[in-house]
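Observations on the model geometry
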Amino acid sequence: MDPATQSQRPLIIGSRASKLAQIQAEIVENVLKEAHPSQPFEIKLMTSEGDRNQTQALYLLGGKALWTKDLEAELLNGSIDLIVHCLKDVPTSLPEGCEMSAILEREDPRDTLVVKQGLSYTSFEEMPAGSVIGTSSVRRVAQLRKSFPHLAFQDVRGNLNTRLAKLDAEDGPYTALVLAGAGLERLGFKNRITSYISPPVLYPAVGQAALAVETRIGDSKVTEIVSVLTHWQTQWQCLAERACLRVLEGGCSVPVGVETTLTGNKDSGVSPRLKITGTVTSLDGLTHVAATIEEDINSIEDAEAVGRRLAEELKASGADAILEDIKKDRAAKRQTTTSSPATTTPSQ
């Protein structure tokens, strides 16, 4: 297609159809419209496999491709021109023909405690033994079990409104939910946050609170258009995290947590300093390994190299054994489970 013609054709932004995903797509669309006023954009909403299956625990369904592969098929066949993702939901290896072309500035990556309306608890410590915490994340469950073995954890599926309704239901089992703070804020539910849960109690997921844009390899015009979205500090941090996760071969259902900071300016003549901590925790919370690397870096390649070294340190410290046990646990549960939801083994 002639570039002049393509510049007038609306570029189609692909997104999942949930309310949160729509808001995130609109965030990207608004920035692109401001940066490229002569270029029209449209949003196309789709459901993913993860959206369609709301009954079975994600831990047993598979990895992060549940959230991305349907959109990526549309990207590769030309039906859409770019995809807006929550970066934490994107597999560390993309399909052939796709690339990550932009990562936006990250919001607060911490998870939050959201207590059932009418209850006065403000922390996990205050809750009585057996209190049920709802979450669809084995990362959250594994880490929280380490610090709060008196609590019970139960899977909860659905969009954010659905999960909050399940929490507040008079006859519902949940005392509280653990939810990503960035999603609550984007949806206007900041008032529901009881407290933020910071490391070392709970380390965020890789890429948490960052939005990313995926495009077709070779589509230079779209790649150039979306480049305005990139926040290089977030990009370097998140690519270091993703490099670590890639080595660990962790997917959506693996309890890998990270905390990353980057100080300095790459244009100041002084190398930015990256500090990254990675953690892997057994499902029962009894075994936990952590490692930290801090060093000066000068490029994306340097950041990714630090992430890979961090993964090797974690593996040498016992992460390999934890991840192998998790694979065996998942395989055993897949053999025995039916299509009914898993109520005691959270996922993601």
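Before reading on, note that the structure itself is shown above.
Heads up: these notes are all about the structure in this document. (Residues numbered from 1 in each chain as written. Predicted model: local features only at pLDDT ≥ 70, side-chain atom pairs only at ≥ 80, totals over all residues. Heavy atoms only, no water.)

1. Examining the pairing of strand E8 (residues 176–180)
Within E8, five of the five residues are buried, which leaves the element mostly enclosed by the surrounding structure. Burial of the side chains of E8 extends over both faces: Ala176, Val178 and Ala180 are buried on one face and Leu177 and Leu179 on the other. (Buried < 20%, exposed > 50% of the residue type's maximum accessible area, 1.4 Å probe, protein only. Helix = DSSP H or I, 4+ residues; strand = E, 2+ residues; numbered from the N terminus.)

2. Quick look at the sheet that holds strand E1 (residues 11–16)
Strands sit in the order E2-E1-E3-E10-E4 across an open sheet of five strands; the sheet is mixed. Because the sheet does not close on itself, it has two edges, and the strands there are strand E2 (41–46) and strand E4 (98–103). Neighbour-to-neighbour, the strand axes of this sheet turn through a mean angle of 30 degrees, independent of strand direction. Bridge count for E4 against strand E10 (residues 211–216) is five bridges, and the pairing is antiparallel. Bridged to Glu99 within E10 is Thr215. (Pairing = 2+ DSSP bridges. Axes fitted to C-alpha atoms, helices over the stretch in contact; angles between N-to-C directions.)

3. Looking at the sheet that holds strand E9 (residues 195–197)
In spatial order, the strands read E7-E6-E8-E5-E9; together these five strands make up an open sheet with mixed pairing. The open sheet has two free edges, formed respectively by strand E7 (152–154) and E9, since each of these has just one partner strand. Here the average twist between neighbouring strands, direction ignored, is 35 degrees. Against the sheet, helix H6 (residues 138–147) contacts strand E5 (111–115), E7 and E8, and its axis sits at roughly 125 degrees relative to E8. Docked against the sheet, helix H7 (residues 160–168) engages E5 and E8, running at close to 160 degrees with respect to E8. (Contact = heavy atoms within 4.5 Å.)

4. Looking at a nonpolar patch on the surface
The grouping of Ile27, Val31 and Val228 at the surface amounts to a nonpolar patch, some 200 Å² of accessible area in total. Structurally, the position occupied by Ile27 is in helix H2 (residues 19–35). (Patch = residues over 30% accessible without salt bridge, like charges linked within 9 Å, V, L, I, M, F, W, Y side chains within 5 Å. Areas by Shrake-Rupley, 256 points an atom, 1.4 Å probe, with all protein chains shown as cover. Salt bridge = Lys/Arg side-chain N within 4 Å of Asp/Glu carboxyl O.)

5. Structural notes on H7
Within H7, the full set of buried residues consists of Leu160, Arg163, Leu164 and Leu167. Angular distribution of buried residues about the axis of H7 spans 100 degrees; they occupy a single face of the element. Here the buried face of H7 lies against E5, E8 and helix H8 (181–186). (Arc of directions from axis to C-beta.)

6. Topic: the pattern of salt bridges
Taken as a whole, this structure holds 17 salt bridges when the rule is applied. A salt bridge links Glu74 to Lys44, with the shortest nitrogen-to-oxygen separation between them at 2.9 Å. Of this pair, Glu74 sits in helix H5 (residues 65–76) while Lys44 sits in strand E2, and the two are 30 residues apart along the sequence. With a closest N to O distance of 2.9 Å, Glu241 and Arg106 form a salt bridge. Linking Glu241 in helix H10 (residues 232–248) with Arg106 in the loop between E4 and E5, this pair joins segments that are 135 residues apart in sequence. Accessibility assignment for this pair places Glu241 and Arg106 in one class, buried. The structure contains a network of salt bridges with shared partners spanning Arg9, Asp81, Arg216 and Asp219.

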